[in-house]
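Letter by letter, the chains look like this.
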Amino acid sequence: QPVDTLRQERGYLTTQHDMHILPNGNRLLLGAEDVTVDMSTVVEGGHPAANVVQAVIQEVDPAGNVVVQWKALDHLPITDSYENLTAAAIRYCHNNSMWIDDDGNWILSMRHMSQVVKIERATGRVMWILGGKRNQFTFIGEHEENAPTYFSYQHDARRLPNGNISLFDNGTQHQPQYSRGVEYEIDEVNKTCRLVWEYRHVPDIYVSIQGGMQTLANGHRLFGWGSAANDGAPGVTEVDSTGTV
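Residues numbered from 1 in each chain as written. Predicted model: local features only at pLDDT ≥ 70, side-chain atom pairs only at ≥ 80, totals over all residues. Heavy atoms only, no water.

A. Local environment of the sheet that holds strand S17 (residues 236-239). Taken in spatial order, the three strands make up an open sheet running S15-S16-S17, and their pairing is antiparallel. Because the sheet does not close on itself, it has two edges, and the strands there are strand S15 (212-215) and S17. Averaged over all pairs of adjacent strands, the angle between strand axes in this sheet comes to 15°, irrespective of strand direction. In the sheet, S15 pairs with strand S16 (residues 221-224) via four bridges, with the strands oriented antiparallel. Looking at S16, one finds that Met 213 is bridged to Phe 223. (Pairing = 2+ DSSP bridges. Helix = DSSP H or I, 4+ residues; strand = E, 2+ residues; numbered from the N terminus. Axes fitted to C-alpha atoms, helices over the stretch in contact; angles between N-to-C directions.)

B. Region of the structure containing the pairing of strand S3 (residues 50-60). Most of S3 is tucked away: ten of the eleven residues are buried. Across eleven bridges, the pairing between strand S2 (residues 27-37) and S3 is antiparallel. Bridge pairing in S3 places Thr 36 opposite Asn 51. Of the strand pairs in this sheet, S3 and strand S5 (residues 89-91) are connected by three bridges, and their pairing is parallel. Within the sheet, the bridge partner assigned to Asn 51 lies in S5 and is Ala 89. Where S3 meets strand S4 (residues 66-71), five bridges bridge the pair, whose relative direction is antiparallel. Bridge pairing in S4 links Val 56 to Lys 71. (Buried < 20%, exposed > 50% of the residue type's maximum accessible area, 1.4 Å probe, protein only.)

C. Molecular detail of the environment of Met 19. With respect to the helices and strands, the residue Met 19 is situated in strand S1 (residues 13-21). For the pair Met 19 and Arg 7, spaced twelve residues apart in the sequence, the C-alpha separation amounts to 9.8 Å. Each residue touching Met 19, except ones within four places of it in the same chain, is listed here: Leu 6, Leu 28 and Leu 29. (Contact = heavy atoms within 4.5 Å.)

D. A look at the pattern of salt bridges. Evaluation of the coordinates by the stated rule reveals 17 salt bridges. Arg 125 is the partner of Glu 120 in a salt bridge, and the nearest nitrogen-oxygen pair spans 3.0 Å. If you follow the salt bridges from partner to partner, you end up with Asp 101, Asp 103, Lys 118, Arg 159 and Glu 188 in one network. (Salt bridge = Lys/Arg side-chain N within 4 Å of Asp/Glu carboxyl O.)

Now the structure itself:
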């Protein structure tokens, strides 16, 4: 029996990727808004009336009042995107996960930017950018053949209890394409990002859309292989810390 319906207020589209219910009963919801942009002023050959889909995040109280609202176009330029910026319709960031960090701020996965960003909840400002065109971190121990997009078109960015950040790297921009799970040790002061763990299935699995990785209480990792399951990949794989299935 449904007991409640969670949705964004003010007419924005609630997207299906992620949501959180906070201890005080507030809901944190991902959403989207269509914005008409004259892209001819942004890039050569841009559409004069392009439909640009921006991310909208709302924290809504149980009565439906918007407590906090954040919009991507206020803080992240369209040119951060790896999508075709001359198209008539552009999903420029595609926010597909949100994690409430230990300090109460937000860690967002921006798939179409190959970028993970930390947002200050109170002001909306971008605190740091990991990956993508405006990456602020030095990657250590990563696979240089994947540079500069060491991870790409990712899902499921999470802060772990040990302070590291994990994510599901879809690997859309890898050559050849393959997906994996990664754990990074992040130094937010000195802006370094060290690869401390990864799992790459044998044989390779490439997940073009969807996918995720969770760290379980016993340290095992649980993978959902998303769209690749339609092509014969497993639906779910659980591995231990050594990568043993």
